[in-house]
Amino acid sequence: MLRQFGLPQAALARKRAELGAFTTPAVLAALDSEAVAAAVGHALAWAAQPGHAVITLADDTYPRLLLEIPDPPALLYARGRTELLSRAALAIVGSRNATQQGEANAAALAKALSDAGLTIVSGLALGIDAAAHRGGLGGAGSTIAVLGTGIDIVYPGRNAALAAEIAERGLLVSEFPLGTAPAAQNFPRRNRLISGLARGCLVVEAALASGSLITARAAAEQGREVFALPGSIHSPLAKGCHALIKSGAKLVESAEDVLAELAGFRPSAYASTTKELPDTPDAGVLAHMGHDPVDVDALCSRAGMSAEQVSSELLRLELDGRVAALPGGLYQRLEKGQRR
């Protein structure tokens, strides 16, 4: 219709019979239905509120990068700082069931990259997404959350406070109509926008069946850079990242690894981030813990200590935020500066 008639208002002004060659009778009937009229009225009332906007393909604020993807949304619902849509951005995604260390790594990298001038884009999910948003908010570049629901619905509910903070200091966006409830098929569709809004996509902790790999695949298809943070060979949450690295994704150990690959992005000034994932000085049981998850028996063997001694020391280290307890009776050493 746009190719034939020009701007949307010109197309909609044509007789319905003329438009019949381009769509189905059901769609034509919907154009004049009371339900559609009510939905449009509701959207216009929502957009009239402070900080709210409906951005169409015809608007100057429509993100240019989305015009490069095969199926850009006809419009975006936005709440917050719409100017972030025109700034250089990086997507950071990963597992919803992330480890404490994974969340800490995502937050630290997001903050460093945000301070370097990149806006952090993610999907407001639990785990890595939420950590990335918090890191982005902590830096100069802020963050954009792309929703898989209507913009008036927060999902998951546990991220309601985070969503409110993003609406205040960052940006919430959605292509779905107001009132759209969570639905499984909408989240993979949402993922193409997460990658589409960014110059690259960094995956932090992802299983082989993770939805984050859908985002990474979309990024590659869109011509974006793909990055992955490696992990333990024993961790299921590292296997997706390792698969990406094997297929050509850039291995990331610091923010500089990302910045060096983003062609055309030149941060004016930023603090060195090469030490954002430093080692914790060894002490006691820590001296016998590597970076892979380990059980009490292995530590007893390495340290020459009794199970009671090791368990007592692990409890103290866990309370001190230097060790995290994992499922299956395993323990993982946390890095300095990454503790919660």
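Structure shown above.
Residues numbered from 1 in each chain as written. Predicted model: local features only at pLDDT ≥ 70, side-chain atom pairs only at ≥ 80, totals over all residues. Heavy atoms only, no water.

A.B. asks: Tell me about helix H14 (residues 307-319), residues and numbers included.
C.D. replies: The first and last C-alpha atoms of H14 sit 18 Å apart over 13 residues, in line with the 18 Å expected at 1.5 Å per residue. Where H14 is buried, its residues contact helix H13 (296-303), strand S11 (323-326) and strand S12 (330-333). Positive phi appears at Gly-321, one or two residues downstream of H14, with a value of about 75°. (Helix = DSSP H or I, 4+ residues; strand = E, 2+ residues; numbered from the N terminus. Expected span 1.5 Å × (residues − 1). Contact = heavy atoms within 4.5 Å.)

A.B. asks: Can you break down the packing of helix H6 (residues 100-115) against helix H7 (residues 128-137) residue by residue, with the values?
C.D. replies: Where H6 meets H7, the closest approach of the two axes is 7 Å, and the angle between their N-to-C directions is 35°. Helix-helix and strand crossings are classified by hand; for H6 and H7 the assignment is right-handed. In this structure, H6 contributes Gly-102, Glu-103, Ala-106, Ala-107, Ala-110, Lys-111 and Ser-114 to the contact, and H7 contributes Ile-128, Ala-131, Ala-132, Gly-135 and Gly-136. The residue makeup of the contact of H6 with H7, split by class, is six nonpolar, four polar and two charged. (Axes fitted to C-alpha atoms, helices over the stretch in contact; angles between N-to-C directions. Left-handed = near helix turned anticlockwise from the far one by under 90°. Nonpolar A, V, L, I, M, F, W, Y, C, P; charged D, E, K, R; others polar.)

A.B. asks: Let's hear about the pattern of salt bridges: which residues, and what values?
C.D. replies: All chains considered together, the criterion is met by eleven salt bridges. Its salt-bridge partner being Asp-71, residue Arg-192 comes within 3.1 Å of it at the nearest N-O pair. On the criterion of sequence distance, the pair formed by Arg-192 in helix H9 (residues 186-196) and Asp-71 in the loop between strand S1 (52-56) and strand S2 (75-80) is long-range, its members being 121 residues apart. For Asp-71, a relative accessible area of 35% corresponds to the partly exposed category. (Salt bridge = Lys/Arg side-chain N within 4 Å of Asp/Glu carboxyl O. Buried < 20%, exposed > 50% of the residue type's maximum accessible area, 1.4 Å probe, protein only.)

A.B. asks: Describe the packing of H13 against H14, and please don't skip the residues or the numbers.
C.D. replies: Two packed helices can be described by the angle between their axes and the distance between those axes. Viewed as axis vectors pointing N to C, H13 and H14 meet at an angle of 110°, and their least axial separation amounts to 9 Å. On the basis of their axis angle, the class for H13 and H14 is roughly perpendicular. Taken together, the residues of H14 that come into contact with H13 (itself represented by Val-296, Leu-299 and Cys-300) are Ala-307, Val-310, Ser-311 and Leu-314. (Parallel < 35°, antiparallel > 145°, perpendicular 65-115°, else oblique.)

A.B. asks: Talk me through the environment of Lys-250; I want residue IDs and the actual numbers.
C.D. replies: For Lys-250, the location among the structural elements is in strand S9 (residues 250-251). In this structure the C-alpha to C-alpha distance between Lys-250 and Arg-224, which are 26 residues apart in sequence, comes to 12 Å. Look past the residues within four positions of Lys-250 in its chain and what remains in contact with it is Glu-225, Val-226, Phe-227, Ala-228 and Glu-261. In this structure the side chain of Lys-250 is engaged in a polar contact, spanning 2.8 Å, whose partner is the side chain of Glu-225. (Polar contact = N/O pair within 3.5 Å; in protein donor to acceptor, adjacent residues only side chain to side chain.)

A.B. asks: Quick rundown of the sheet that holds S2? Include the residues and the values.
C.D. replies: Strand order in the open sheet formed by nine strands is S1-S2-S6-S5-S4-S3-S7-S8-S9, with mixed pairing between adjacent strands. With one partner strand each, in any of the chains shown, S1 and S9 form the two edges of the open sheet. In terms of strand pairing, strand S4 (residues 119-122) meets strand S5 (residues 143-146) through three bridges, oriented parallel. Within S5, the residue paired with Val-121 across the bridge is Ile-144. Sheet strands in contact with H9 are S2, strand S3 (89-94), S4 and S5, and its direction is about 160° off that of S5. (Pairing = 2+ DSSP bridges.)

A.B. asks: I'd love a proper account of the nonpolar core, names of residues and values included.
C.D. replies: The tendency in soluble globular proteins is for nonpolar side chains to be buried as a group. Formed by 32 residues in total, the largest nonpolar core has its most connected members in Val-121, Ile-144, Val-146, Val-173, Leu-197 and Val-203. If we ignore the near neighbours within four places in the chain, the residues touching Val-203 are Val-93, Ser-212, Ala-216, Phe-227, Ala-228, Leu-229, Cys-241 and Leu-244. (Core = buried A, V, L, I, M, F, W, Y, C linked by side-chain atoms within 4.5 Å.)

A.B. asks: Before we move on, can you summarise the environment of Leu-172 with the specific residues and values?
C.D. replies: Structurally, Leu-172 is set in strand S6 (residues 171-174). Leu-172 sits 90 residues away from Thr-82 along the chain, and the two C-alpha atoms are 8.9 Å apart. When sequence neighbours within four positions are dropped, the list of residues in contact with Leu-172 reads Tyr-77, Ala-78, Arg-79, Ala-145, Leu-147, Ile-151, Ala-163, Ile-166 and Ala-167.

A.B. asks: So what about helix H10 (residues 212-221)? Which residues, and what values?
C.D. replies: All of the buried residues along H10 are Ser-212, Leu-213, Thr-215, Ala-216, Ala-218 and Ala-219. At the C-terminal side of H10, Gly-223 shows a positive phi close to 80°.

A.B. asks: So what about the pairing of S3? Which residues, and what values?
C.D. replies: For S3, the buried fraction is high: six of the six residues fall into the buried class. The alternating pattern of S3 places Ala-89, Ala-91 and Val-93 and Leu-90, Ile-92 and Gly-94 on opposite faces, both of which are buried. Inspection of the sheet shows S3 paired to S4 by three bridges, in the parallel sense. Within S4, the position partnered with Ala-89 by the bridge is Thr-119. For the segment spanning S3, H6 and S4, crossover handedness is right-handed. (Right-handed = clockwise from strand over helix to strand, strands pointing away.)

What is shown is where atoms sit, not what they do.
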